[in-house]
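Secondary and tertiary structure notes
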Amino acid sequence: MLDQAQKLRQLAADNLKKDKARIITVTSGKGGVGKSNFVVNLAIMLQTMGKKVLIFDADVGMGNDDVLMGFLPKFNVFDVVFNNKEIDDVVITGPYGVKLLPGGSGITKIEELTSEQRDILISKLEHLKGFDYIIMDTGAGINRSVLGFAACCDELIVIITPEPTSLTDAYSLVKAINHFKIKSSASIVVNRAIDEKEAVFTFNKFKNAVTNFLKMKVEYLGSIAEDKRLVQSVRKQQPFVISYPNCEASQDIGKIGKKLIGTEGNEQSSGVQGLFKKIFSIFS
């Protein structure tokens, strides 16, 4: 009887866990550092590792995750409210089953929503269940939108490159996040590194500045090698983990994916509905 009760408790816990997701916000101090390319390829890599992933393209007016995946969406999430669309009309299914929820310029309409419209959106979002990860791709730089989405997540990832302008802009972003007490830690990914030595050197340079002047903890999540095949993949509108699965950059994404899975904890967020409730409370 005790064994049966234990099995029932475990089953209930497993079912509860299926409706929860780890929410990751990916951002950067400046544009052009490969942030969206990282998000799309990481999502696909996690999906191939047996995880269910939803990308929420939260880059206001400049979202291009769909383009990188070879799609052109007709609607965004707020068409569900303003144009009476269903979630299935908006969500795109990408490679290996990765889901993409376009936000785009519709995010600016958050403040326009009445409580009744918000309830409608939340109820329709109920169809999006069972994700292990929700990855939010924000705009670049420091603004209310980026800081808001940083506040909504369980884990913050900042993309930097070895370029001095990338480091200074990323530092300014982390400084703002620290100033407003939004997050106490962030994971750092060094993109476009010539080799691992340059990546580690770049991270340490960034970490030293943050440690010396801010009350913020930064951790090295990994690096992605500079590779001309990444440019070729973008031009073909096919993610490089699909076009060139054995290239160094794809292997780097795989290492980052495994590291994220390895740090999965017991504390998880409440899924898509819970995410949007946080978004409403922060952006209103």
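Residues numbered from 1 in each chain as written. Predicted model: local features only at pLDDT ≥ 70, side-chain atom pairs only at ≥ 80, totals over all residues. Heavy atoms only, no water.

Most of strand β6 (residues 155–160) is tucked away, with six of its six residues classed as buried. Burial of the side chains of β6 extends over both faces: E155, I157 and I159 are buried on one face and L156, V158 and I160 on the other. One ladder, built from five bridges, connects strand β1 (residues 22–28) with β6; its direction is parallel. What sits directly across from V26, in β6, is I157. Running through helix α8 (residues 164–179), the crossover from β6 to the neighbouring parallel element strand β7 (residues 185–193) is right-handed. (Buried < 20%, exposed > 50% of the residue type's maximum accessible area, 1.4 Å probe, protein only. Helix = DSSP H or I, 4+ residues; strand = E, 2+ residues; numbered from the N terminus. Pairing = 2+ DSSP bridges. Right-handed = clockwise from strand over helix to strand, strands pointing away.)

This paragraph deals with the packing of helix α2 (residues 35–48) against helix α12 (residues 248–262). Two elements in contact, α2 and α12, have axes separated by 9 Å at closest approach and are oriented at 65°. Handedness of the crossing formed by α2 with α12: right-handed. Counted together, F38, N41, L42, M45 and L46 of α2 and S250, I253, G254, I256, G257, L260 and I261 of α12 form the full contact between these two elements. Partitioning the contact of α2 with α12 into residue classes produces eight nonpolar, four polar and no charged. (Axes fitted to C-alpha atoms, helices over the stretch in contact; angles between N-to-C directions. Left-handed = near helix turned anticlockwise from the far one by under 90°. Contact = heavy atoms within 4.5 Å. Nonpolar A, V, L, I, M, F, W, Y, C, P; charged D, E, K, R; others polar.)

To continue, consider the sheet that holds strand β2 (residues 53–58). What the eight strands build is an open sheet, ordered β3-β4-β2-β5-β1-β6-β7-β8; its pairing is mixed. Looking at strand neighbours, the two that pair on one side only are β3 (92–93) and β8 (217–225), the edges of this open sheet. With respect to the sheet, α2 is in contact with β1, β2, β5 (133–140), β6, β7 and β8, its orientation differing from that of β5 by roughly 175°.

Our focus in this paragraph is unusual backbone geometry. Of note in this structure, Y96 is not a glycine but carries a positive phi near 60°. With respect to the element layout, Y96 can be found in the loop between β3 and β4 (99–102). A positive phi angle, close to 60°, is found at R192, a residue other than glycine. With respect to the helices and strands, the residue R192 is situated in strand β7.

A separate point is the packing of aromatic side chains. Following the criterion strictly, the structure yields five aromatic pairs and no others. Ring geometry for F149 versus F283: centroids 5.0 Å apart, planes at 45°, classification tilted. Pair noted here: F149 is in helix α7 (residues 144–152) and F283 is in helix α13 (residues 271–283), with a separation of 134 residues, a long-range link. No difference in accessibility class separates F149 from F283, as the two residues are buried. Aromatic pair F203 and Y220: ring centres 5.2 Å apart, planes at 45°, arrangement tilted. (Phe/Tyr/Trp six-rings, centres within 6.5 Å; stacked < 30°, edge-to-face > 60°.)

In this section: the pattern of salt bridges. Using the criterion set out here, one finds seven salt bridges in the structure. In this structure, E219 and K217 form a salt bridge, with 3.1 Å as the shortest nitrogen-oxygen distance. With relative accessibility at 39%, the residue E219 sits in the partly exposed group. Note that R229 is salt-bridged to D227, the shortest N-O span being 3.1 Å. Classification of R229 as partly exposed rests on a relative accessible area of 32%. (Salt bridge = Lys/Arg side-chain N within 4 Å of Asp/Glu carboxyl O.)

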